[in-house]
Amino acid sequence: MPLTSAPPLSSAPSDARLASAASATSRLVSIDALRGLVIVFMLLDHVRETFFMHHQVTDPMVVADTSPALFFSRALAHLCAPVFIFLAGLSAFLYGHRQPDGRRAATVFLVQRGIFLVVLELTVVNFAWTFQWPPQVVYLQVIWVIGLSMLALALLLWLPRGVLVVLGLLLVAGHNLLDGVHFPAGHVLHVPWAVLHDRGWLAVGEGLRMRTSYPLLPWIGVIALGYAAGPWFAAGADAGQRRRRLLTWSVGALLLFVLLRWLNVYGDRPWTPGSTPLETVMGILNVTKYPPSLLFVALTLGIGLALLAAFERVPARAGWLRVLVAFGAAPMFFYVLHLYVLRVLYTGALELWGPNQGRYFGFDAMWQVWLGTIVLAALLYVPVRAFGAFKARRKDLAWLRFL
């Protein structure tokens, strides 16, 4: 119904208007719900990193030396960065779509938020990890790479949508061809290449090092694909067609993962059969995150897209869904809050009881990590929900968009 037309004589909404409202709610709730789910997985991984430090894992994990409980708990966290960055691109499109000047508004938003996230990583987030000021080590992690990906997308979104899709797929699928390219410290390309593709350490003056934990190049491809998927979620888009597209791309990505893993020739480090069937499955799923291999992205985004389609079919009144939506509606607030809560809890436990795992204080088993995650998620739900409600209520405060 056109905005300027008169409302129907009856005060009851028509079936068509109800269907349209339900579609709009489901498409937006599904985005927050998926983001909230991976936030819980992220919390699990950070509880592990905080209270299970005596049993650290490498990347890829050494399957023979890693218990299944630890392996699969860590593997769940693989969903986090691809989903966050894909949804960042999707959200940028939806933000611009609601503005009268479209792509220009999205560009300004991406530049502002990208710079904000880079600065946040270098200061507030890094201090939460190290509790050192001035810092001796700066870890350039997921917030950093989301910020840089947004700055890149601010330029790329002006390309035709088809070109953006092709470029995104080329970056995701083709960057593994560059795995053998390295530049030693002191080389003019060492620093830019460490940021773009080759994870490593950078010396910055005396007494300060930076770790490029999340090389940028493939993540630009992921955020570009998220932005290109935006029209599927635009107001008025057909919900059934959107779900079919999500499932088609999901199945395609997962089939690509299976095919390339079976061929074992490209897209990640080769896997070898384990001593047991379970170890073989773990070996197949043990994909490289830093930088994210083609198979890493195919597996994680394949699952993420399927979840996004599935969440649209869950009734919005479902209690567990509302919990996920509350987490997903205030992601940056949750991220910063949980880092400082974990740091305070760990420091307090170490002061009260001292180390009980070598030089660390920590849990004895992964089930305790899971239980700690559930308890902490329940405690954090109240302030995160309150902040999300405040954010929704105060649309006049533009800075809240960044949180």
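Keep in mind that this is a model prediction, so the values were computed, not measured. (Residues numbered from 1 in each chain as written. Predicted model: local features only at pLDDT ≥ 70, side-chain atom pairs only at ≥ 80, totals over all residues. Heavy atoms only, no water.)

**Q** So what exactly am I meant to see when it comes to the nonpolar core here?
**A** Ranked by internal contacts, the top residues of the largest apolar core, which has 113 residues, are Phe86, Trp219, Val222, Phe233, Phe334 and Tyr335. It is helix α1 (residues 15-51) that provides the largest number of residues to this core, a total of 13 residues. What phenylalanine 86 contacts, discounting residues up to four positions off in sequence, is Val222, Leu225, Gly226, Ala229, Leu301 and Leu305. (Core = buried A, V, L, I, M, F, W, Y, C linked by side-chain atoms within 4.5 Å. Buried < 20%, exposed > 50% of the residue type's maximum accessible area, 1.4 Å probe, protein only. Helix = DSSP H or I, 4+ residues; strand = E, 2+ residues; numbered from the N terminus. Contact = heavy atoms within 4.5 Å.)

**Q** How should I be thinking about the pattern of salt bridges in this particular structure?
**A** Opposite charge on two side chains allows them to pair when their charged atoms are near. One pass over the full model with this rule turns up seven salt bridges. A salt bridge links aspartate 45 to arginine 74, with the nearest nitrogen and oxygen atoms 2.8 Å apart. Here aspartate 45, found in helix α1, pairs with arginine 74, found in helix α2 (residues 68-77); they are 29 residues apart in sequence, far enough to count as distant. Per residue, the accessibility class of aspartate 45 equals that of arginine 74, and both read buried. The salt bridge involving glutamate 49 is made with arginine 48; its shortest N-O contact spans 3.7 Å. (Salt bridge = Lys/Arg side-chain N within 4 Å of Asp/Glu carboxyl O.)

**Q** For this particular structure, what's the right way to read the packing of aromatic side chains?
**A** Both the distance between ring centres and the angle between the ring planes are used here to describe each pair of aromatic rings. According to the stated counting rule, one finds 18 aromatic pairs in the structure shown. Geometrically, the ring pair formed by phenylalanine 183 and tryptophan 193 is edge-to-face, given 6.2 Å between the ring centres and 90 degrees between the ring planes. One end of the pair, phenylalanine 183, is in the loop between α6 (161-174) and α7 (190-196); the other, tryptophan 193, is in helix α7, with 10 residues separating them in the sequence. Judged by relative accessible area, tryptophan 193 falls into the buried class, the value being 13%. Their ring planes at 90 degrees and their centres at 6.0 Å tell us that phenylalanine 327 and tyrosine 381 sit as a pair that is edge-to-face. With phenylalanine 327 in helix α12 (residues 319-329) and tyrosine 381 in helix α14 (residues 366-393), this pair connects stretches of sequence that are 54 residues apart. Its relative accessible area of 3% is what places phenylalanine 327 among the buried residues. Through successive ring pairs, a cluster of aromatic residues spans Phe51, Tyr346, Trp353, Phe361 and Phe363. One Lys or Arg, arginine 242, reaches over the ring of phenylalanine 233 and ends 5.2 Å from the middle of that ring. The ring of phenylalanine 131 is capped by arginine 343, whose NZ or CZ atom sits 5.4 Å from the centre of that ring. (Phe/Tyr/Trp six-rings, centres within 6.5 Å; stacked < 30°, edge-to-face > 60°. Lys NZ or Arg CZ within 6 Å of the ring centre and 35° of its normal.)

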